[in-house]
Amino acid sequence: MKRSSTVLILSGIIVVLAVGLIAVLLFMKNQPAPVRGVTPLMEIAQMEADSSKWGLNFPNQYSTLLLTEGNNTQTAYAGSNPFSKLERDPRLLTLFAGYSFSKEYNEDRGHLNSLTDVRAIARVDETTHATCYSCKSANNPGVWDEMGMEAYDKMMFSEMTPRLEEPIGCANCHEANSMRLIVTNPALEEALEAQGKDWRTFTRQEMRTVVCANCHVEYYFKGEGKYLVFPWAKGTRIEQISEFYQEIEFTDWTHPQSGTPMIKMQHPDYELFTADSTHYKAGVACADCHMPYTRDGAAKFSTHNVHSPLLNAETACGACHTDVKYVTDRVSMIQNQVWATMEATEDALVEAIQALEAATAIADVDEALLTEGRNLHREAQLRWDFLAAESSMGFHNPEEALRILADATNLARQAQIKAILAAGTPDIIQISQ
Ligand code: HEC
Ligand code: HEC
Ligand code: HEC
Ligand code: HEC
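Definitions and limits used
Residues numbered from 1 in each chain as written. Chains lettered and ligands numbered in written order. Predicted model: local features only at pLDDT ≥ 70, side-chain atom pairs only at ≥ 80, totals over all residues. Helix = DSSP H or I, 4+ residues; strand = E, 2+ residues; numbered from the N terminus. Buried ≥ 20, exposed ≤ 12 C-beta atoms within 10 Å, placed from the backbone. Near = placed C-beta within 6 Å. Nonpolar A, V, L, I, M, F, W, Y, C, P; charged D, E, K, R; others polar. Axes fitted to C-alpha atoms, helices over the stretch in contact; angles between N-to-C directions. Parallel < 35°, antiparallel > 145°, perpendicular 65-115°, else oblique. Left-handed = near helix turned anticlockwise from the far one by under 90°. Core = buried A, V, L, I, M, F, W, Y, C linked by C-beta atoms within 7 Å. Contact = placed C-beta atoms within 7 Å. Expected span 1.5 Å × (residues − 1). Pairing = 2+ DSSP bridges.

Participant: I tried to follow the overall build of the protein chain on my own but got confused; where do I start?
Facilitator: Within the protein chain one finds 18 helices and six strands. Principal-axis analysis of the C-alpha atoms places the extent of the protein chain at approximately 115 × 50 × 40 Å. For the protein chain, buried positions account for 39% of its 433 residues.

Participant: When you look at the site of ligand 1 in this model, what are you seeing that I'm missing?
Facilitator: Taken together, 28 residues lie near ligand 1, and Thr75, Cys286, Cys289, Ser308 and Ser391 sit nearest. If you list the elements that add at least two residues to the shell around ligand 1, you get α12 (269-274) and α14 (286-290).

Participant: What am I meant to see in the site of ligand 3 here?
Facilitator: Around ligand 3 lies a shell of 25 residues, among which Ser80, Asp108, Asp117, Cys212 and Cys215 are the nearest. Partitioning the shell around ligand 3 into residue classes produces 10 nonpolar, 11 polar and four charged.

Participant: It is not clear to me how the packing of helix α16 (residues 324-360) against helix α18 (residues 398-423) should be interpreted in this structure. Could you clarify?
Facilitator: Relative placement of two packed helices is described by the angle separating their axes and the distance separating the axes. Their axes nearest at 8 Å, the elements α16 and α18 cross at an angle of 15°. Taken as axis vectors, α16 and α18 run roughly parallel relative to one another. For the element pair α16 and α18, the recorded crossing hand is left-handed. Partitioned by chemical class, the residues of the contact of α16 with α18 number 22 nonpolar, four polar and two charged.

Participant: Sorry if this is basic, but what is going on with the environment of Ala151 here?
Facilitator: Position of Ala151 among the secondary structure elements: in helix α7 (residues 140-154). Between the alpha carbons of Ala151 and His129 there is a distance of 11 Å; along the sequence they are 22 residues apart.

Participant: Any chance you could explain the nonpolar core here in plain terms?
Facilitator: Burial of nonpolar side chains together is a common tendency in soluble globular proteins. The biggest cluster of nonpolar side chains holds 53 residues, and the ones touching the most others in it are Ala187, Tyr219 and Phe230. Elements represented by at least two residues in this core include exactly α7, α9 (186-194), α10 (204-210), β2 (227-229), α12 and α14. Counting residues per element, this core draws most heavily on α7, which supplies four residues. Look past the residues within four positions of Ala187 in its chain and what remains in contact with it is Tyr219, Leu228, Val229 and Phe230. In this structure, Ile238, Ala355, Leu405 and Ala419 belong to the second largest nonpolar core, which totals 46 residues.

Participant: What should I look at first to understand α18 in this one?
Facilitator: Think of an α-helix as 3.6 residues a turn; residues three or four steps apart then line up on the same face. Taking 1.5 Å per residue, 26 residues should reach 38 Å; α18 reaches 38 Å between its end C-alpha atoms and fits that length. One or two residues past the end of α18 sits Gly424, with phi positive at roughly 80°.

Participant: Quick question: what am I supposed to make of the pairing of strand β6 (residues 299-302) here?
Facilitator: Looking down a regular strand, the side chains alternate between one sheet face and the other. Bridge analysis of strand β5 (residues 293-296) against β6 gives four bridges, and the strand direction is antiparallel. Within β6, the residue paired with Asp296 across the bridge is Ala299. The loop that links β5 with its antiparallel partner β6 comprises two residues; one of these, Gly297, has a positive phi angle of about 60°.

Participant: I would appreciate a short explanation of unusual backbone geometry in the present structure.
Facilitator: Trans peptide bonds make up the majority, and among non-glycine residues the majority have a negative phi. In this structure, Met47 is a non-glycine residue whose phi angle is positive, near 60°. Met47 gets classed as buried once you count the C-beta atoms within 10 Å, which come to 21. A positive phi is found at Lys226, a non-glycine position, where the angle reads about 50°. Tracing the backbone through its elements, the reader meets Lys226 in the loop between β1 (220-222) and β2.

No statement about biological role is implied by the geometric values presented.
Here you go:
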């Protein structure tokens, strides 16, 4: 009797312990990644610019962020070697004639080089505003909080230089201590608000894309104060962006050959990706490919060594695709196709510019038709530039890339025809083979 009750009690204890253990394991498994792990060693000040301080609590994320400084591998169309885009494709000298991008235009590098690289650009001079620093430093969230973005943007680049010591870091993407992903750039907050969106209601998976939109987007500098604005009030498609710019009559520079008021596009990675790409529609985020989970012994964390996913495709694509070679081959095919299509668009643009230039030189040119031709040139070139300035050579959204380039080629050829009509003779153009 006594013996069997002891057995009963013991097995009871074992069952309770086992259930308890399972419950604890299930609880741990269901914890979202940011709160997994040990309690932070140190309290971090909000908007702390120095990433090494955050790094005491999160050594894996910090040490992988540091790796972005030394990356230098070039891929077929991107990578971290800062090759000259002007040398790769001299047509850009004609397309950007009269604008600073025809002086220097290099491939981008890893996040930790952001401050060094912006300071080394030949385009930056004494007329440049501090606005150009908006995407380059972990000091920004603190400085914006202190003086407001309006005062920041009014300052000159050189005046701001001594205040910014840290390249991109933790404070650009995370709230301290909670470590949740946040919108840190006031221009992004305002652009989302203009569309009736509040990022605080976004899901974690949405934030894994939106956090990159703090910087990887199209933007412009508004008015004398060079206030940073994302042109999204009508939406983030290229047609909606173009319509917005037309309405406010914005221009970056006047093309010296064609006489066209032009607009330059800046890395619209977020806009192209979210324009209903296959991956976006399937719920995939920027961080899934660019910051995949990585293991270091027992630790599992998001790598902060952000670069081309073609350099670590097994981890970057392998989490979802079993045949990694197949999908990376698809990337090459897509990029080659987009590049070839883009070259055809550039040829059409160069010929439109030459025709408009020739028509402008004719004394009794039809000014109304010439203006129509110039407007077509601007619309064609900003569509082309949407893809040229985007970072993935079309991979982020292949269908949208080819749709926009087809449109751009058509508009460029229409511009060329308008120039002929304005001149009253086809003799102004050299017909290409
Ligand atoms: C499905 C995977 C995937 C997703 C999702 C994705 N990318 Fe990419 N991204 C790529 C690939 C592939 C390339 C091309 C890399 C190359 O050509 O070397 C690329 C290129 C880039 C580059 C240029 C890289 C370089 O080496 O210079 C940037 C910047 C970039 N992506 C940012 C983003 C942003 C921001 C988002 C979200 C808005 C995003 N990506 C979403 C796969 C992805
Ligand atoms: C460019 C934006 C960016 C920067 C800069 C950045 N992070 Fe992250 N971080 C992310 C994203 C995206 C995730 C994934 C979050 C998720 O899945 O909820 C993440 C996740 C994390 C997590 C959660 C655990 C994990 O690994 O998934 C920690 C902790 C973290 N980061 C710490 C840091 C620290 C420390 C720094 C600075 C040394 C830093 N991060 C810099 C974007 C960034
Ligand atoms: C605070 C602004 C900022 C944020 C936020 C940011 N980036 Fe960047 N990113 C940059 C800048 C600036 C560069 C170029 C740095 C240079 O060339 O020195 C860059 C470069 C890159 C590159 C090219 C790296 C290389 O080695 O060529 C990739 C890929 C990239 N970012 C992806 C992302 C992804 C994905 C996110 C979101 C998780 C993100 N970035 C968030 C500003 C930002
Ligand atoms: C988080 C999951 C996830 C990651 C990471 C991911 N993909 Fe995908 N990918 C998908 C889904 C989902 C689809 C659409 C359904 C399908 O075809 O399986 C898809 C489709 C594709 C397609 C076919 C697209 C089409 O329109 O037919 C290609 C190509 C592709 N992915 C390449 C890549 C590459 C290259 C990487 C790494 C840089 C990558 N994917 C990373 C989930 C992912």
